[in-house]
Amino acid sequence: MVGIMTRQTAIALGIIALFYSALSVAWVIYQPGLTGSFIFDDLTNLAPLGGNAGVVDWQSFTNYIRSGFSGPTGRPLSLLSFLIDANNWPAPPEPFKRTNILLHLLNGCLLFWLTHLLVSVMDDGLSSTKKKIVALIVAALWLFHPYLVSTTLYVVQRMAILSTLFVFFGLITWLKGRMLLGQKPRLAYCLMSLGLFVFSVLAVLSKENGAILPALALAMEFFLLRDLKNLKRPAMLWQATFLLLPTLIILSYLVYIPMRNGLFSDYVSRDFSPWERLLTQFRVLWIYIFHWFVPKMTTTGVFHDQILVSQSIIKPWTTLLSVIGWLGTIFVIWKLRRRLPLLAMSLFVWLGSVLIESSTVGLEMLFEHRMYMGGGFLFLPAVYYGSLYAKPWKFTICGGIALMVLASFCWRGAMLWGHYPTMIMVWAEKAPDSARAQIEVARMLYETGNHLQAAAWLDRASQRIPQDFPLRFSQMLTRCRTDRVSKEDRDVLVQLSNSQKYSHTWFNLMQRSIDWSSKDSCIGLSPVFVGELSKNFLDQGRYPSNTQSYAQLTYLFGISQLYAGKIDVSVEYLNASVSSREDAQKLMSSAAYLATFGVLGKALEYAESAKKIVESGNLHGRALGEAPQLSDINVFIEAVKKDGKDKIEHRHSGQK
């Protein structure tokens, strides 16, 4: 007995040592990424940390927590987690990235726990030790996967990481209760109910796709747990309330979205419809699967705007092939669900994990972080059935090779994320048809003083992607600093502004161009021309007066008319913009331009309106995050009043 206990203890200690070794390796391979910088959405989402001179008291804390705008909930728990790393802005990126890595490791621990619970309930003849090894390998493969580097080291994806953390915690709590149902039913129902409800709320407050937690539990229940003889089934009423009803609500919402927007009508902020997005997702899901099982040392990162939208079931032809492929796969797996329950469960849990972000919600087509939550389950069938049927030495060699390959690829990906210029260049080369990637390279070159190189880079990119408005606009904006803009450049943009749909994501580029082109160093481009482009977009009649696009375009045209000397027209369009979306930041920006051109009365009116909005305390989300400081508004108002008083006194002294 002593010998047996000693052997069992040694095995347990060995598994613990292997598990901590996997965590240590994951920590080491991610270290090169700590030297990376903030990118893209990091800047807009973290900037509210510096509002009101930083998060230093209760008022500034509540303002910050309410400033989230990345989703309907504002994701307050994710915002709260950023305070671990800084309470002001700007801040160094390293602490944020380190916390992301630590949370990734914690999720690896939870995936190990969750996977072990799933395989431990199966009566299959596999020893307890082998089941722990299966869970360990699944968690390690997920921890090391290079496709998750962009989620872990992209600071703002803390939101996806935290949502996954609470989903894993919820599933574990539910499973623990599920396993106790036959012995302690009251405690079991309490754990199951709290696990699904409480952790769903926490997950949603981190990122909205956490609402999928009950659907994932439903997939586990239906495909795996309900047929196990050693587990008692929950009452049908409980299953209907906590599993089926939340899943039906989510499905109903996903059906409602295209009905509300119009199945074949473009989303307000996108140039594709719900139907086109749904068709495209059949292809995108195969892209995810390919990259997951055929990993690469480097991926295209965050640039995926080059993906061709499926306009119909046969355009492109790969759409039909993808639809048939998925329908066939689901049919086959459904037929095999009783013989291979773990395979069926894993597939449907993964499909459930991407259900919200890969169906009818008007998001961009593809992002690597959408594999974060459900990706680990895709490895489970191969590892489990491999341990069950393969010879131990073959299983060990294959598992070891897979782990080493993924770890080396992940380390290389982390190194890339640790050096922004190299990362951007690699992404642009891997995605030559991504206009965003090419623009980002040019921006980086320009900001480092390589103006001619930036212009040349955009010229080459524009030859490959001639119909992309932001790319052609960036090309013209760069040329105006390095050479004279030609009439042909302007004609191309006029044509595109007459035919293409405006995107609210172009606003910063166009606003910046007004400031640039108003200076002598920008030759061949003027604010009036930018206004002409804005008016062309408006004249398409695609943008209702209550939309963000309408507010932005009327604002841009209104500002351009100040430079044209048409004050009345400018005020008319600025009023239209303010009426469409009255926010403090836009009011103060308009007031600043008006004051610069001497329209002091209107500037003062806008500033007073902005002051009332800020003082009301009713701001939240993006409006709160971008709102100017009350002290700055007061300084502006006093300056405008003083300027107006000086002008009156000067006029009176001239009359004397």
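Description of the structure in this document.

The rules we used
Residues numbered from 1 in each chain as written. Predicted model: local features only at pLDDT ≥ 70, side-chain atom pairs only at ≥ 80, totals over all residues. Heavy atoms only, no water. Helix = DSSP H or I, 4+ residues; strand = E, 2+ residues; numbered from the N terminus. Contact = heavy atoms within 4.5 Å. Expected span 1.5 Å × (residues − 1). Buried < 20%, exposed > 50% of the residue type's maximum accessible area, 1.4 Å probe, protein only. Axes fitted to C-alpha atoms, helices over the stretch in contact; angles between N-to-C directions. Parallel < 35°, antiparallel > 145°, perpendicular 65-115°, else oblique. Left-handed = near helix turned anticlockwise from the far one by under 90°. Nonpolar A, V, L, I, M, F, W, Y, C, P; charged D, E, K, R; others polar. 1 Å grid on protein atoms, 1.4 Å probe; cavity = no way out; pocket = protein on both sides within 12 Å on 5 of 7 lines; lining within 4 Å. Points joined across faces, edges and corners; volume = space filled by probe spheres on them.

Some points on the side chain of glutamine 561
Inference 1: Its location among the elements puts glutamine 561 in helix H24 (residues 548-563).
Inference 2: Those residues in contact with glutamine 561 that lie beyond four places of it in its chain are Lys566, Val569 and Ser570.

Observations concerning the side chain of asparagine 536
Inference 1: With respect to the helices and strands, asparagine 536 occurs in helix H23 (residues 527-539).
Inference 2: Leave out the neighbours within four places in its chain, and asparagine 536 touches Val494, Ser497 and Asn498.

Concerning helix H16 (residues 392-417)
Inference 1: Across its 26 residues, H16 extends 37 Å between first and last C-alpha, which sits within 8% of the 38 Å expected from 1.5 Å per residue.
Inference 2: Where H16 is concerned, the buried positions are Phe395, Gly399, Leu403, Leu406, Ala407, Phe409, Cys410, Gly413, Ala414, Leu416 and Trp417.

Examining the packing of helix H19 (residues 451-464) against helix H20 (residues 469-482)
Inference 1: Where H19 meets H20, the axes come as close as 9 Å, and the angle between the chain directions of the two elements is 150°. The pairing of H19 with H20 is recorded here as roughly antiparallel in orientation. Judged by the twist between their axes, the crossing of H19 over H20 is left-handed. The segment H19 lies against H20, with His451, Leu452, Ala454, Ala455, Leu458, Asp459, Ala461 and Ser462 engaging Leu471, Arg472, Ser474, Gln475, Thr478, Arg479 and Thr482.
Inference 2: For the contact of H19 with H20, a count of residues per class yields six nonpolar, six polar and three charged.

Thoughts on empty space enclosed by the protein
Inference 1: Within the structure shown, the criterion is met by three cavities of 30 Å³ or more.
Inference 2: Of the voids in this model, the largest cavity is the one considered here, and its volume is about 90 Å³.
Inference 3: Broken down by element, the residue count for the lining of the largest cavity peaks at three residues, all from H16.
Inference 4: Its residues placed into classes, the lining of the largest cavity shows six nonpolar, four polar and two charged.

Let's talk about helix H14 (residues 341-353)
Inference 1: Taking 1.5 Å of rise per residue, 13 residues should cover 18 Å, and H14 covers 18 Å from first to last C-alpha, within 8% of that figure.
Inference 2: For H14, the buried fraction is high: twelve of the 13 residues fall into the buried class.
Inference 3: All of the buried residues along H14 are Pro341, Leu342, Ala344, Met345, Ser346, Leu347, Phe348, Val349, Trp350, Leu351, Gly352 and Ser353.
Inference 4: As for H14, its buried residues are in contact with helix H5 (94-120), helix H10 (213-225), helix H12 (274-293), helix H13 (317-335) and helix H15 (375-389).

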